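Okay, here's what each chain looks like letter by letter:
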Amino acid sequence: MLTRSLFSRQLFAAASRPAVAPKAAFRPVLFFQNRFLSDATRQAIDKAVASAPVVLFMKGTPETPQCGFSRASIQVLGLQGVDPNKFAAFNVLEDSELRQGIKEYSDWPTIPQLYIDKEFVGGCDIIVSMHQNGELAKLLEEKDVLVKGEEGAAEEQTEKKE
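Residues numbered from 1 in each chain as written. Predicted model: local features only at pLDDT ≥ 70, side-chain atom pairs only at ≥ 80, totals over all residues. Heavy atoms only, no water.

Side note on the sheet that holds strand β1 (residues 54-58)
Turning to step 1, where the next piece is worked out: Here we have four strands laid out as an open sheet, ordered β2-β1-β3-β4, and mixed in their pairing. Edge positions in the open sheet fall to β2 (87-91) and β4 (119-122), since each of these has one partner strand only. Adjacent strand axes in the sheet meet at a mean angle of 25 degrees, parallel and antiparallel pairs treated alike.
Turning to step 2, where the next piece is worked out: Where strand β3 (residues 113-116) lies against β4, three bridges are found, and the strand directions are antiparallel. Residue I116 lies in a different strand from β4, and its bridge partner there is E119.
Turning to step 3, where the next piece is worked out: Sitting on the sheet, helix α5 (residues 124-133) touches β1, β3 and β4, and the angle it makes with β4 is about 80 degrees. (Pairing = 2+ DSSP bridges. Helix = DSSP H or I, 4+ residues; strand = E, 2+ residues; numbered from the N terminus. Axes fitted to C-alpha atoms, helices over the stretch in contact; angles between N-to-C directions. Contact = heavy atoms within 4.5 Å.)

Printed below as a string of structure tokens:
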């Protein structure tokens, strides 16, 4: 009895195709690559992401970050002037299910992860890049999550007088 595996059929099909660049990349997904969040974990992450306008999943806490990338992300958010009342941080080191689940939730392999108004922004490299090019300041200003300081109040007073 002659049996053929799926793998050999794929090789045969690939070899018989013309040598033309494919229009879309084919990325096979193997059954052992798929991971699925439990409903409870997904709901917990949904609730965490919605808990504040600015949410950071990090290693450690804002006061005691446990990795350099988490420390850099907290420093950038501090430099930007994010209002502590509009910010929440979650320590992924306290819960292994959260640590793995947040990676699957965002389809992003690293921690820290920043969410602004329930939208995934990125990890440390993206946060730093956006900080450097001014995009993060603009986004945080648009979302109204910055501390209203004396400088902001002075600008508002000037605008009212004009």
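This is not the end of the story, as more comes after the structure.
A closer look at α5
Side chains of residues three or four places apart in an α-helix project in the same direction, reflecting 3.6 residues per turn.
Turning to step 1, where the next piece is worked out: All of the buried residues in α5 are C124, I127 and M130. Buried residues of α5, seen end-on, are gathered within an arc of 135 degrees and therefore sit on one face of the element. Structural note: α5 exposes D125 and Q132 on the side pointing more than 90 degrees away from its buried face.
Turning to step 2, where the next piece is worked out: Once α5 finishes, G134 follows within two positions and takes phi at roughly 90 degrees, a positive value. (Buried < 20%, exposed > 50% of the residue type's maximum accessible area, 1.4 Å probe, protein only. Arc of directions from axis to C-beta.)

Observations regarding the nonpolar core
Turning to step 1, where the next piece is worked out: Membership of the largest hydrophobic core comes to 18 residues, with the highest contact counts inside it found for L56, L114, L136 and L140.
Turning to step 2, where the next piece is worked out: Contributing elements (two or more residues each) for this core: β1, α3 (68-80), β3, α5 and α6 (135-142).
Turning to step 3, where the next piece is worked out: By size, the runner-up hydrophobic cluster in this structure holds 12 residues, among which are A52, V55, A88 and Y115. (Core = buried A, V, L, I, M, F, W, Y, C linked by side-chain atoms within 4.5 Å.)

Taken by themselves, the reported measurements are silent on function.
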